[in-house]
Amino acid sequence: GQNIDQPTEMTATEGAIVQINCTYQTSGFNGLFWYQQHAGEAPTFLSYNVLDGLEEKGRFSSFLSRSKGYSYLLLKELQMKDSASYLCAVKHRGSTLGRLYFGRGTQLTVWP
Amino acid sequence: DAGITQSPRYKITETGRQVTLMCHQTWSHSYMFWYRQDLGHGLRLIYYSAAADITDKGEVPDGYVVSRSKTENFPLTLESATRSQTSVYFCATADSKINTDTQYFGPGTRLTVL
């Protein structure tokens with residue numbers, strides 16, 4: 001299996017910036033995904049990184065360092081609707097059928 | 001465009017009964033997956049499928065059976081439900097023609113086994 005670690009919970013204030021970290025250990029890394037999941041709903045795709053660096057998409061950015069086995073999701077100008085669980089998932093080079101390995105998720109609470 | 005649907009959305013059953021959860025997609029994606037999500041465990045893969053008639057086990061396949069006779073459907077059957085199978089079940093698809101293998105999730109089925 002894959003070893004994927006994320007903090008269990010985080011809190012932040014509306015309008016602030018928050019960084020959610022994800023570390024992974026895999027012998028054949030081939031891409032990292034971030035998903036957002038609101039309570040009682042399905043996970044929805046946020047971002048995909050396969051090369052080192054920062055990918056920006058509106059208020060959300062995702063960073064990857066393959067040499068460090070590290071990624072983060074950066075959320076700017078936080079809004080109440082950003083309160084959700086954020087899931088990190090890794091694709092392994094040797095995996096078949098597009099299989100992903102998910103972390104346990106980080107529950108983010110945004111306070112007014 | 002319905003995308004990916006799951007039925008039923010909620011199900012209560014009793015220990016020992018057989019239950020089938022349905023997953024249907026309109027995208028013609030090759031890959032389909034079944035996950036269960038429990039507090040403290042995150043998403044765990046039960047079974048997956050590359051195409052019609054091709055399935056394989058994931059991390060937690062015991063007690064579950066799948067089939068895929070048509071590309072658009074991927075039913076998950078609990079042959080004899082147990083309380084430990086109380087969970088939220090998500091179906092997902094991915095397009096094999098796109099290299100990223102991004103997975104798209106259905107709305108989920110909340111199953112309670114009494």
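Relevant structure appears above.
Please read all numbers here as calculations on a predicted model, not as lab measurements. Per chain, the residues get numbers from 1 upward, laid out in the order the sequence is written. For naming, the first written chain is A and the first written ligand is 1, with later ones following in the order written. Local features are withheld for residues below a pLDDT of 70 in this predicted model, meaning they are given only at 70 or higher, and side-chain atom pairs are given and counted only at 80 or more; totals for whole chains, interfaces and linings count all residues. The side-chain figures draw on all heavy atoms in the structure; neither hydrogens nor water molecules are used.

Things to note about the overall build of chain B
In this text, helices come from DSSP runs of H or I with a minimum length of four residues, and strands from runs of E with a minimum of two, each type numbered from the N-terminal end. When you go through chain B residue by residue, the secondary structure sums to zero helices and 11 strands. Ordered by position from N to C terminus, the α and β elements of chain B give β-β-β-β-β-β-β-β-β-β-β. Principal axes of the C-alpha set define a box for chain B whose edges measure 40 × 30 × 25 Å. Throughout, exposure labels follow a simple rule: accessible area from a 1.4 Å probe, protein chains only, divided by the maximum for the residue type, with under 20% read as buried, over 50% as exposed, and the rest as partly exposed. Taking all 114 residues of chain B together, the buried fraction comes to 49%. The contact definition used throughout considers only heavy atoms, calling two residues in contact when any of these lie within 4.5 Å. Counted over contacts in chain B with a minimum sequence separation of 6, partners at least 24 positions apart contribute 55%. Accessible surface computed for chain B: about 5,500 Å², of which carbon and sulfur atoms make up 48%. Between the centroid of the 11 positive side chains of chain B and the centroid of its 11 negative side chains there is a distance of 8 Å. Working definition of accessibility: Shrake-Rupley area with a 1.4 Å probe, residue cover restricted to the visible protein chains. Only four residue types enter the charge count, namely Lys and Arg as positive and Asp and Glu as negative; His and the chain termini do not. By convention, the point assigned to a charge is CZ for Arg, NZ for Lys, CD for Glu and CG for Asp.

Remarks on the sheet that holds strand β1 (residues 4-7) of chain B
Residues and elements named next belong to chain B. Pairing between two strands requires that DSSP report at least two bridges joining them. Pairing is antiparallel across the open sheet formed by four strands, whose spatial order is β1-β3-β8-β7. This sheet does not close on itself; its edge strands, each paired only once, are β1 and β7 (64-66). Between one strand axis and the next, the sheet turns through 15° on average, direction left out of account. As judged from the three bridges shared by β7 and strand β8 (residues 76-78), these two strands associate in the antiparallel manner. Note that in β8 the partner of Val66 across the bridge is Leu76. To obtain each axis, a line is fitted to C-alpha atoms, and for helices this fit is confined to the stretch in contact; angles are then taken between N-to-C directions over 0 to 180 degrees.

A word on the environment of Leu54(A)
All names here are of chain A. Tracing the sequence through the fold places Leu54 in strand β6 (residues 53-57). With a relative accessible area of 43%, Leu54 lands in the partly exposed category. For the pair Leu54 and Ser65, spaced 11 residues apart in the sequence, the C-alpha separation amounts to 9.3 Å. Excluding residues within four positions of it along the chain, Leu54 makes contact with Ser61, Ser62, Phe63 and Tyr72.

Focus: the nonpolar core
For the purposes of this section, nonpolar cores are sets of buried Ala, Val, Leu, Ile, Met, Phe, Trp, Tyr and Cys residues that join through side-chain atoms within 4.5 Å. Leu32(A), Trp34(A), Leu75(A) and Tyr86(A) are the most contacted members of the largest nonpolar core, which has 22 residues in total. Elements supplying a minimum of two residues to this core: β3 (18-25), β4 (29-37), β7 (60-65), β8 (70-75), β9 (84-92) and β11 (106-111) of chain A. Leu32(A) has contacts with Cys22(A), Tyr24(A), Ser47(A), Tyr48(A), Asn49(A), Ser71(A), Cys88(A), Ala89(A) and Val90(A), leaving out every residue within four places of it along the chain. Counting 20 residues, the second-largest nonpolar core is a separate cluster that includes Phe33(A), Tyr31(B), Ala92(B) and Ala94(B).

A closer look at the interface of chain B and chain A
Contacts between the two partners involve 24 residues from chain B, matched on the other side by 17 residues from chain A. Summed over both partners, the accessible surface that disappears when two parts come together, traced with a 1.4 Å probe, is what is meant by buried area. Carbon and sulfur atoms supply 58% of the area buried between chain B and chain A, which totals about 1,800 Å² over both sides. Three residues, Leu43(B), Tyr48(B) and Phe105(B), lead the burial of chain B against chain A; their summed loss comes to 24% of the area buried on that side. In what follows, salt bridge is the name for a side-chain nitrogen of Lys or Arg lying within 4 Å of a carboxyl oxygen of Asp or Glu. Counting across the interface, chain B meets chain A through zero salt bridges. Counted as a polar contact is a pair of N or O atoms within 3.5 Å, where, for protein atoms, one must be capable of donating a hydrogen and the other of accepting one, and residues adjacent in sequence contribute only when both atoms are in side chains. Connecting chain B to chain A are three residue pairs in polar contact (both at pLDDT 80 or more). Looking at the side of chain B that touches chain A, the elements with two or more residues in it are β4 (31-38), β5 (42-51) and β10 (103-105) of chain B. It is β5(B) that provides the largest number of residues to the side of chain B that touches chain A, a total of six residues.

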